[in-house]
Each structure stands twice: as structure tokens, then as C-alpha cells.
Amino acid sequence: MRDSLVAAAFQLFLERGYEQTTVDEIVALAGVGRRSFFRYFPSKEDVVFPDHERCLAEMNDFLGDSSGEGGEGEGGADDPVARVCDAARVVLRMYAENPTFSVQRYRLTKKVPGLRTYELSVVWRYERALAEYLRGRFAGRRDGTLRADVIAAAVVAAHNNGLRSWLRSDGQSDATAEVDHALAHVQQVFGSDPDPDPDPVGPVQRPTGKSAKRAADDDVVVVISRRGAPMWRVVQEVETALGRDPE
């Protein structure tokens, strides 16, 4: 039933457009009721990204596996950078399992701003999972948190660069080769471990004087949204509150 709903949704999206398609039309084509749709998908946006929750869970399981049995990388669990690169390949496999669907989704998200915003929120969750793993591996090291966050962002950027190259080829190029090429740059830059020792400097010094005043002047923004709002809408509201235009 879940696959039927996804198939029906994309058939209508391609025929009529995303904005013009309603949930009622999707369930009618799939031959099920509205309750069945919302049992699988909280919103119409979620039917466009049906496998990301499963993929995120698989990535977290992979990162939590301390056996050292990595994927295509070389370092296994002993090399944290290789480990997060292999975790990114878990996401790649999700896309590569169904090239036709992945290409259709890529074309659709390029046309619909709300879906691009939703996709950014999904990508952020992957990046956060990688960063949390790396923070644990770099705990106690000089700039460990900074290093973790930078590497996580670099891995996501490299993965997405290779993935988009494959999608722009309509799935005709080698997805694995594209992503491996991009991730190799990350491992080349960050793969060595030049700072294995705990931070000898001690606690980070608090800013004083003008630096402290600037830190104290930073705004705190609170956004209130309804419980059932789709994630892309929440992200959009946050960006609006911060005075940023969604890309």
C-alpha cells in the first residue's frame, strides 16, 4: 500500500504538477482511503521522501556499530573520517536502489521551492548524525567539536556534489564513482589525525570586553508553529524569523 501511494503520487505530480495534486486525488488513484495515506505519510511532502526515515535509522545503526566492519571505505571504525564517509554511502545506496524514482524526485524538487526547503531539513538531519558521531570520537581533543562539525559538513557537501552529478546525468553515470571521487577529497584533507592528544590548554577561555558584549547582544529567536506543520514549513518560518531568504 505504501509503494502504491508513492507510485500514485508521482504519477499525478508528473501529470498535473505537485501543487495542483491533492491527497484526495492520490488516494483515489491508489484505491485507498485518506486514513491509509496519513498512516504512512504525515503530509503530502513526506510522500516525496518516503525512505529517508529508514535511511537515517540505517545510518545511525552503522555509526553505532563498533565492530569496525566498514563499507567501501578503508578505515572501518578505527578511522572516524572513513567511517562517516562510509555512512554517507548508506544514503547513496538508498538513491541508487531506484534510479528512475530518484531522478523524478530530483526534477520535482528543483521546481517546487517548498520541497527544496523540506529536503534541506532532511540533509541537516544526516549532517547532525555524522557530527554527533564525530564529536564522540574527538571528545577531549583540541577543537574536537569544531573539527567534528566541519568534517560532517564536508562529507555531506561532497556526497551531495557527487549525487547531483549522477542525478543530472539522469542516472546514466556511475553513482558510486561520482560520490567516491568527491569523498576522496574529504579523506585527503581530513583523513590524517594530526591531533591525537587531549587538549593541553584546558578549558576554552570566555570572551571579555567587546567580544563579550557582542556575544551578549546575540538575539534569541523563538518560532511557534502548529504541531502538524510539515518540516519544510517550520524551516521556512525559522529562516524568515532570522531575516534570511530561503534558497
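These remarks concern the structure in this document. Here the structure is a predicted model, which means the values were calculated and not measured.

### Regarding the packing of helix H5 (residues 80-96) against helix H8 (residues 144-168)
Relative to each other, H5 and H8 sit at 30°, their axes nearing to 10 Å. By the angle between their directions, the pair H5 and H8 is classed as roughly parallel. In terms of crossing hand, the pair formed by H5 and H8 is right-handed. For the pair H5 and H8, contact is made by Val-81, Val-84, Cys-85, Ala-88, Val-91, Leu-92, Tyr-95 and Ala-96 and by Ile-151, Val-155, His-159, Leu-163 and Trp-166, respectively. Split by residue class, the contact of H5 with H8 holds twelve nonpolar, one polar and no charged.

### Observations concerning the pattern of salt bridges
Summed over all chains, the structure comprises ten salt bridges. Note that Arg-34 is salt-bridged to Asp-24, the shortest N-O span being 2.7 Å. Of this pair, Arg-34 sits in helix H3 (residues 34-40) while Asp-24 sits in helix H2 (residues 23-30), and the two are ten residues apart along the sequence. Of the charged contacts in the structure, one is a salt bridge between Arg-89 and Asp-180, with a shortest N-O distance of 2.7 Å. One end of the pair, Arg-89, is in helix H5; the other, Asp-180, is in helix H9 (residues 175-190), and 91 residues separate them in sequence. Its relative accessible area of 7% is what places Arg-89 among the buried residues. The exposure class assigned to Asp-180 is partly exposed, which follows from its relative accessible area of 25%. In the salt-bridge network here, residues are joined through shared partners; they are Arg-54, Glu-58 and Glu-97.

Quick notes on the rules
- Residue positions are given per chain, counted from 1 along the sequence in the order it is written.
- Given that the model is predicted, a residue must reach a pLDDT of at least 70 before its local features are reported, and side-chain atom pairs must reach 80 or more before they are shown or counted; all residues, however, enter totals for whole chains, interfaces and linings.
- To get the side-chain values, take all heavy atoms of the structure and skip hydrogens and water.
- Axes here mean lines fitted to C-alpha atoms, for a helix over just the part in contact, with angles spanning 0 to 180 degrees between N-to-C directions.
- Strands are runs of DSSP state E lasting at least two residues, helices are runs of H or I lasting at least four, and both sets are numbered from the N terminus onward.
- Geometric relationships in this document are graded by angle, where less than 35 degrees denotes roughly parallel, more than 145 denotes roughly antiparallel, 65 to 115 denotes roughly perpendicular, and other angles denote oblique.
- Here a crossing is taken to be left-handed if its near helix is turned anticlockwise relative to the far helix by less than a right angle, and right-handed if that turn runs clockwise.
- Contacts were defined at the residue level, with two residues in contact if any of their heavy atoms lie within 4.5 Å.
- When residues are grouped by polarity, Ala, Val, Leu, Ile, Met, Phe, Trp, Tyr, Cys and Pro land in nonpolar, Asp, Glu, Lys and Arg in charged, and all others, Gly among them, in polar.
- In the sections that follow, a salt bridge refers to a side-chain nitrogen of Lys or Arg positioned within 4 Å of a carboxyl oxygen of Asp or Glu.
- Buried means the residue's accessible area, taken with a 1.4 Å probe over protein chains only, is under 20% of the maximum for its type, while exposed means over 50%, and partly exposed covers the values in between.

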